[in-house]
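Letter by letter, the chains look like this.
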Amino acid sequence: MSAGTPATVAAAGPRRLAWARRRRTVARFWRQYRQNRAGLFGLVVLALFVLTALLAPVITADNALSVTQPPGSPLDGPSGDFPLGTDRSGRSMIDLLIWGSRVSLTVGFWATFISIAFGTLFGILAGHFGGWGSMVLMRVTDWFLVMPSLVLGVVLAAVMGRSLTTIIVAIGVTSWPTTARLVRAQTLAVEARPYIERARALGGGHWHVMSRHVLPNVMPIVLAQTTLMVGQAILIESTFAFLGLGDPTTASWGATIQAARDVGAVSSRMWWYILPPGIAIVLVVLAFTLCGRAIEGVLNPKLRERQS
Amino acid sequence: MTTAILAAREVRVEFEARRGGGRARAVDGVNLDVAEGEIVALVGESGCGKTTLARTLLGLERPTAGQVLHRGTPLAYTSRALKAYRRAVQLVLQDPSGSLNPRHTVYDAVAEGLRVHGDVTDERDRVADALSRAGLRPPERFFLRFPHELSGGQRQRVVIAGALILDPQVIVADEPVASLDASVRGEILALLLRLRDELGLAALVVTHDLGLAWNIADRVAVMYLGRIVETGPVEKILTAPEHPYTQALLSVLPEAPGEPVVLRGEPPDPTRVPGGCRFHVRCQVLASGAADEAGVGERCRGEDLAILGGGEDSDVACHYALAQRD
Amino acid sequence: MSVLAISDLTVTYRTAGGDVPAVRGIDLSLGAGQKLGLAGESGCGKSTMALALLRLLPKTARMTGSIMFDGEDVLTMSWGRLRAVRWAGASIVFQGAMHSLNAVQRIGSQIAEPILLHSKVGEAAARRRVGELLEHVGLPARRADAYPHELSGGQRQRVMIAMALACDPSLIIADEPTTALDVMIQAQILKLIESLVAENGISLVMISHDLSVLADTCDRLAIMYAGRIVEEGPAAEVFRAARHPYGAALAAAFPTIGDPSSRRSPRGLAGDPPDPADLPAGCTFHPRCPVRLDYCDRIDPQLWPAGDGARAACVHVLPDQGLSLVQKEPA
């Protein structure tokens, strides 16, 4: 009991107490997270990517993505002006990578948001209420669970046109059932605990039980699932783009790899065209996975014991 | 006789048995009163329906038949009526570690009742007050602790504080000390006794521990297979029991005088309540032939007994004991 | 001859926060066919000690001293020998039978496992033995085909006892064998353990926090507090007239029904058990002690003779000696 001596706590009102508690929770979380080196590495890599994506308009020239007025000549190898060479339109590979991070992260975050929001909502509802409503909900979930995201992507692209939104929806819609199943399982486990009975006996209704007891106990799993899912979504986006289902006007990493394949980058040994976007994808996904694993380790004491 | 704060009137609770075995009569007709400032111990083996009865009295389970009365008024099962009822009747569970959310601080756990009822005035002072009444002093030291930072006894005190904060009239405690160490047990029981003396708090303590009843209860009700088979003042029931089942329970206690009567087999299945006296298949008095000698053997095997009153008077549901009385 | 002789046993857990002493110097001996009860609250080291007897502790635990089992030191014996002792010499009945049984295996094959592994008999012979064992513990032999979830708590505890008996051990260690069981089932199990021990001349170490149960079953009682034995003696003696205030508090925790002094006055012990990583100075019990003297925080009492074959670690047992010890130490 280091922080919050009795004297300062005694003077505090309920709200200040709540803040003190939150501060302490965050501090403890960070203290434990810090001990996971891989997690720290992931976090640093991630911060770099996010920073790059945010600063893309500042650190690249205005005509960086222009096909009509490219800054260099097509398919040049690495040189002083273009450290990673140029693509088939003569654009700098570095600039393409920088703008690509924007696309990847956008898709990753939005798709994950959809997936997590729906998954958590349906998972908690199905777990809390049970009965035939839950049965129906879980059958619907199963139906989505077996739907391949690629096929849905192809169909959606045909209906909605090829755009980032299509990809986000396709990924979000096909990945929420995994979260829902996970959250439902955890909800059922939490609902069996005696403190739920106590909350009911205190007079707490459905909303109280779900928001005050189930949600906080489900959040750790959701958080870990989120970080893992962002990486997955980025991977799927790249696949879409590589298969030509992506938005033709955006320079995502997947699209760049596809363009490289089109011009025969592999057979003509243009490594600078095909390797960097691939490495970027691997790095970002790895970073998210490492962070997710680290968070899981901190929030799930059982895992922590096994590691130590 | 004054109206009981909490009363069960011929309460029956039935469940669909899990493995297709018909219906389980968990509570099979029970009368039980808890008067103001009274501590009643409900004693029985696991599976006898005592926890189901407690949950029914709390309004967490709906009786299949019969009524739960609160100060003489039947309990309504609308969500608003239940919410109001739950300010008056509070629950303390067996396992204090499980009954506290591991992610809530002591302060949040105790304040939960106030927040549920939208009662936010003086929250901090009332939490502090409840904690110190439950014996956690100074209360401020415990505000920001998490359950895992407390000992088992302290956790149970937090649970009790959480129940006290709504100023209830009755506490229903389900095995409040069963998962606590021997040394802490007495402290928690003393707390319940003190709350009764200081606040007039009545309690229904559900337990399999007869020593607990001797320690704190005024009245004891012994439950067997969904029915109360003997009830009365603690001094009477625990020193001069009339029902063979109560006698057997007391005889197996470690320091009990005389030869222990160890009943064979498990408590029977509530999906197959035997006909006649529900205890007759395990009854040592019937097995010894004493019941037949007294001429009640046939009734033991074939005739069910009346449901006991559940009030202050001592009463027994046993053909043999009733015959001996006459 | 004693089956078990423990001398100066210590167990220390190495943790990130430093060394935590769980058992701090224990001497005990147990004769053939003797029954010893070990009491204390959670965290006092009684379960650690039980596990140490068969070297079942995790790697982070460091043990010193000696545990002589049938004349061999458990702490230094080879792995092969230790395995033999674990199967055939001594067995443990754990609390919480549900978790100690494999949920997806029939109980018959779980009981047969050590028999097949150790005594090199055929399937058929092992099956016969399982049937015998089950009947021995009061279950019909055909229950061998049941899965653990098909049994009640009391029946599962019987299975655990059958498993412990499988290889004719000379010592059984029962860790809270009846906790979480009803009074009637508890009485059945205790009666069973008692008769099995008496029939087969097995020695018994029974661990519980309920002194009344131990006093009823065992010949001798040892009371542990903060990793040490603070009182030891004949069961009836310790239970009825404990010399150590902690022993007295444990004995008073479960009332005798009919005793007017305990009616409406539950007795417990204020305060919490000490943190093993941060033990109080002097007598470890002094912060909670109702009869402490002003020098109790400076003196660490040893197990002194307390009459009738009993020993207790309290200055009240030998006030003169306690005082002289304090006076010898510089203040």
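Source: prediction; values computed, not measured. (Residues numbered from 1 in each chain as written. Chains lettered and ligands numbered in written order. Predicted model: local features only at pLDDT ≥ 70, side-chain atom pairs only at ≥ 80, totals over all residues. Heavy atoms only, no water.)

## As for the overall build of chain B
- Along chain B, the regular secondary structure elements total 13 helices and 11 strands.
- For a compact globule of 326 residues, the expected C-alpha radius of gyration is about 20 Å, and chain B comes in at 21 Å, within 12% of that figure.
- Across its three principal axes, chain B shows a C-alpha extent of roughly 65 × 45 × 45 Å.
- Each of the 326 residues in chain B was classed as buried or not, and the buried ones make up 62%.
- Across chain B, contacts joining residues at least 24 apart in sequence account for 66% of those joining residues at least 6 apart.
- Summed over its atoms, the accessible surface of chain B is roughly 11900 Å², and 48% of this surface lies on carbon and sulfur atoms.
- Computed over 37 positive and 44 negative side-chain charges, the separation of the two mean positions in chain B equals 6 Å. (Helix = DSSP H or I, 4+ residues; strand = E, 2+ residues; numbered from the N terminus. Rg over C-alpha atoms; globule rule 2.2 N^0.38 Å. Buried < 20%, exposed > 50% of the residue type's maximum accessible area, 1.4 Å probe, protein only. Contact = heavy atoms within 4.5 Å. Areas by Shrake-Rupley, 256 points an atom, 1.4 Å probe, with all protein chains shown as cover. Lys, Arg positive; Asp, Glu negative; His and termini not counted. Charge placed at Lys NZ, Arg CZ, Asp CG, Glu CD.)

## Some points on the arrangement of the chains
- No other pair of the two pairs of chains in contact has as many contacts as chains B and C.
- What separates chain A from chain C at the closest point of their C-alpha atoms is a distance of 10 Å, and the two make no contact.

## Points about the UniProt feature "domain: ABC transmembrane type-1" (unreviewed entry) in chain A
- Per the UniProt annotation, the sites labelled "domain: ABC transmembrane type-1" (unreviewed entry) are residues 101-292 of chain A.
- End C-alpha atoms of residues 101-292 of chain A are separated by 19 Å, and the span's content is 84% helix alongside 0% strand. (UniProt positions renumbered as here; feature names shortened; annotations may be inferred.)

## Re helix 9 (residues 206-242) of chain A
All names here are of chain A.
- Between its terminal C-alpha atoms helix 9 stretches only 46 Å, short of the 54 Å expected from 37 residues at 1.5 Å a residue.
- Of all the bends in helix 9, the greatest reaches close to 45 degrees and is centred on leucine 215; the proline proline 216 follows between one and four positions later.
- Directly after helix 9, the chain includes glycine 244, whose backbone phi takes a positive value near 80 degrees. (Expected span 1.5 Å × (residues − 1). Bend = angle between axes of the 7 residues up to and from the residue.)

## A closer look at the pairing of strand 2 (residues 23-34) of chain B
Residue and element names in this part refer to chain B.
- Summarising burial for strand 2: 10 of the 12 residues are buried, a large majority.
- Bridging between strand 1 (residues 6-16) and strand 2 involves nine bridges; their strand directions are antiparallel. For valine 13, the partnering residue across the bridge sits in strand 2 and is valine 27. (Pairing = 2+ DSSP bridges.)

## Here we look at the pattern of salt bridges
- Applying the stated criterion to the full structure yields 49 salt bridges over all chains.
- A salt bridge links B:Arg124 to B:Asp125; the nearest nitrogen and oxygen atoms lie 3.3 Å apart.
- In this structure, C:Glu232 engages C:Arg311 in a salt bridge whose closest nitrogen and oxygen atoms are separated by 3.2 Å. With C:Glu232 in strand 10 (residues 228-234) and C:Arg311 in strand 12 (residues 311-312), this pair connects stretches of sequence that are 79 residues apart. (Salt bridge = Lys/Arg side-chain N within 4 Å of Asp/Glu carboxyl O.)

## Quick look at unusual backbone geometry
All names here are of chain B.
- The residue after arginine 137, namely proline 138, is reached through a cis peptide bond having omega -10 degrees.
- With a phi angle near 45 degrees, glutamate 175 is a residue other than glycine that sits in the positive phi range.
- Counting through the fold element by element, glutamate 175 comes out in the loop between strand 7 (170-174) and helix 6 (182-199).
- We note that leucine 225 has phi near 50 degrees; this positive angle belongs to a residue other than glycine.
- Residue position: leucine 225 is located in the loop between strand 9 (219-224) and strand 10 (227-233).

## So, the interface of chain B and chain A
- Facing 37 residues of chain B, the contacting portion of chain A comprises 31 residues.
- Across the interface of chain B and chain A, roughly 3000 Å² is buried in total on both sides, 58% from carbon and sulfur atoms.
- Looking only at chain B, the three residues that lose the most surface to chain A are B:Arg103, B:Glu112 and B:Leu144, adding up to 22% of its buried area.
- For the pair chain B and chain A, the number of links is two salt bridges. (Buried area = accessible area lost by both parts, 1.4 Å probe.)

## Let's talk about the packing of helix 3 (residues 37-59) of chain A against helix 11 (residues 271-299) of chain A
Residue and element names in this part refer to chain A.
- One way to put it is that helix 3 packs onto helix 11 with a least axis distance of 8 Å and a crossing angle of 135 degrees. Taken together, the axes of helix 3 and helix 11 lie oblique to each other. With respect to the hand of their crossing, helix 3 and helix 11 are arranged in left-handed fashion. Residues Ala38, Gly39, Phe41, Gly42, Leu43, Val45, Leu46 and Phe49 of helix 3 pack against Ala280, Leu283, Val284, Ala287, Phe288, Leu290, Cys291 and Ala294 of helix 11.
- Split into classes, the residues belonging to the contact of helix 3 with helix 11 amount to 14 nonpolar, two polar and no charged. (Axes fitted to C-alpha atoms, helices over the stretch in contact; angles between N-to-C directions. Parallel < 35°, antiparallel > 145°, perpendicular 65-115°, else oblique. Left-handed = near helix turned anticlockwise from the far one by under 90°. Nonpolar A, V, L, I, M, F, W, Y, C, P; charged D, E, K, R; others polar.)

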